[in-house]
Every structure is written in C-alpha cells, then in structure tokens.
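Listed below, chain by chain, are the residues.
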Amino acid sequence: MTIETPIVRPLRNRGVTIVEILLVISVLAILISFAVPGIDRATARAEIKAATENVQYSIDTARRLARLSESSVNLHADPATGATTQRIRLSGPRLGESMGAQEYRLPKSLRLVPEQAVFTFDKNGLVSNPGRLVLLSRADDAISSELRVE
C-alpha cells in the first residue's frame, strides 16, 4: 500500500503590485527632495573655490608681469553691469601678447564685488592701492570667498 500525500507548494510567483511600486517611488522622491539642496550648495562651493583659485592666479600673474616687464601692471576687477560679463583683466604699458596677458571671465552663477575697480602693481610687484575682492554665490549669499590684494 502506498500513501500519497499532496505536495503543497507555496505561492512564489505572486509578483509586485502597483501599490508597492508607487510606495517605493514616493519614498525615493522624498529622499531626493532632501538631497537636492545639499547638492546645490556643494556645487556653489565648488564654483567659488575654482573661481577663487583663478582670481588668485590672476593676482599672482599681475605681480609677476610687473616684475618681469619692470613697469606697472593694472588688475581691473570689472563687475557685471547690464549686459557686460564680469571679469578680471590685466593691462599695462609694456604688457603685450608675448607677456601672457590674460582675462578671466567669472561664471554667471557668481557675483564679483571689488573694493575698488583697479589695483596697480609697481615694477617691484607691490600693490600701491591694496584692497580686497569678494566672490559671492548667487544661489546662496552665505557661500563667499574673500581675496586680499596686498
């Protein structure tokens, strides 16, 4: 005599319901909404850091070019006015293409606030009118950088 017992198989192929999918999507949306402001601030800080390094490079270049050309070099801090682009540019009587004159255009996401429009470096590379340049993030004014031109 053989006894047959029915084999009970659990339901494995049930699948995922639309309610479960919507629940997961809504939880992800909530988590992303908390992360986006942090990403924006991180981006603004990275832009400020890059712009600060470029403006510092422009200051150092103006100082070196003044010493190299043995003449005065002006560093112009042009904030955005109307349709013009904000920029840092160098000029001087002996400053030509061979001296590596440069112009740095700041990103539109930043705001340049110079203490004065022109900083003049003498032939020894010293600044006759020291001051500072401030870079502000347009996204968050709390994110800023200050450079001293001395």
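Model, not experiment: these values are computed from the prediction.

Undergrad: Before we move on, could you go through the overall build of the protein and cite the residues and values that matter?
TA: A count of helical and extended segments in the protein gives 1 helix and 7 strands. When the helices and strands of the protein are placed in sequence order, the string is α-β-β-β-β-β-β-β. Split into buried and exposed, the 150 residues of the protein put 27% on the buried side. Accessible surface for the protein amounts to roughly 10,400 Å². Of this, 57% is attributable to carbon and sulfur atoms.

Undergrad: Please give an account of the sheet that holds strand β1 (residues 73-78) that cites residues and values.
TA: Here we have 4 strands laid out as an open sheet, ordered β3-β2-β1-β5, and antiparallel in their pairing. Lying at the two open borders of the sheet, with one neighbouring strand each, are β3 (103-105) and β5 (118-121). Each strand of the sheet is rotated relative to its neighbour by a mean of 15°, with strand direction disregarded. Where helix α1 (residues 18-69) meets the sheet, it contacts β1, β2 (87-91), β3 and β5, and its direction lies at approximately 155° from that of β1.

Undergrad: Help me get a handle on the pairing of β2, residues and values and all.
TA: Regular strands place their side chains on alternate faces of the sheet. Residues I88 and L90 of β2 are buried on one face, while the alternating residues R87, R89 and S91, pointing to the opposite face, are not. Here β1 runs beside β2; their pairing, made up of 5 bridges, is antiparallel. Following the sheet pairing, H76 is matched in β2 by R89.

Undergrad: Describe the side chain of D78, listing the residues and the values that go with them.
TA: Inspection of the secondary structure puts D78 in strand β1. In this structure the side chain of D78 is engaged in a polar contact, spanning 2.7 Å, whose partner is the side chain of R89. Among all residues touching D78, those that are not within four sequence positions of it are T85, Q86, R87, R89 and L112.

Undergrad: Break down the nonpolar core for me, citing the residues and quoting the values.
TA: Grouped together as the largest cluster of nonpolar side chains are 26 residues, with contacts concentrated most on V55, I59, L75, I88, F121, L133 and L135. Mapped onto this core, the elements with two or more residues apiece are α1, β1, β2, β4 (110-114), β5, β6 (131-137) and β7 (144-149). For this core, the element with the highest residue contribution is α1, accounting for 8 residues. Apart from the residues lying within four places of it in its own chain, the contact partners of V55 are I88, Y104, L133, L135 and L147.

Undergrad: Give me the sheet that holds β6: which residues, what numbers.
TA: Pairing between sheet strands relies on hydrogen bonds along the backbone, with the strands arranged either parallel or antiparallel. Spatial ordering of the open sheet is given by β4-β6-β7, a layout of 3 strands whose pairing is antiparallel. The open sheet has two edge strands, β4 and β7, and neither has a second partner. Strand-to-strand twist across the sheet, computed as the mean angle between neighbouring axes with direction ignored, equals 20°. With 6 bridges connecting them, β6 and β7 associate as antiparallel partners. What sits directly across from L136, in β7, is S144. Taken strand by strand, α1 contacts β4, β6 and β7, and its axis lies near 155° from that of β6.

Thresholds, definitions, all that
Residues numbered from 1 in each chain as written. Predicted model: local features only at pLDDT ≥ 70, side-chain atom pairs only at ≥ 80, totals over all residues. Heavy atoms only, no water. Helix = DSSP H or I, 4+ residues; strand = E, 2+ residues; numbered from the N terminus. Buried < 20%, exposed > 50% of the residue type's maximum accessible area, 1.4 Å probe, protein only. Areas by Shrake-Rupley, 256 points an atom, 1.4 Å probe, with all protein chains shown as cover. Pairing = 2+ DSSP bridges. Axes fitted to C-alpha atoms, helices over the stretch in contact; angles between N-to-C directions. Contact = heavy atoms within 4.5 Å. Polar contact = N/O pair within 3.5 Å; in protein donor to acceptor, adjacent residues only side chain to side chain. Core = buried A, V, L, I, M, F, W, Y, C linked by side-chain atoms within 4.5 Å.

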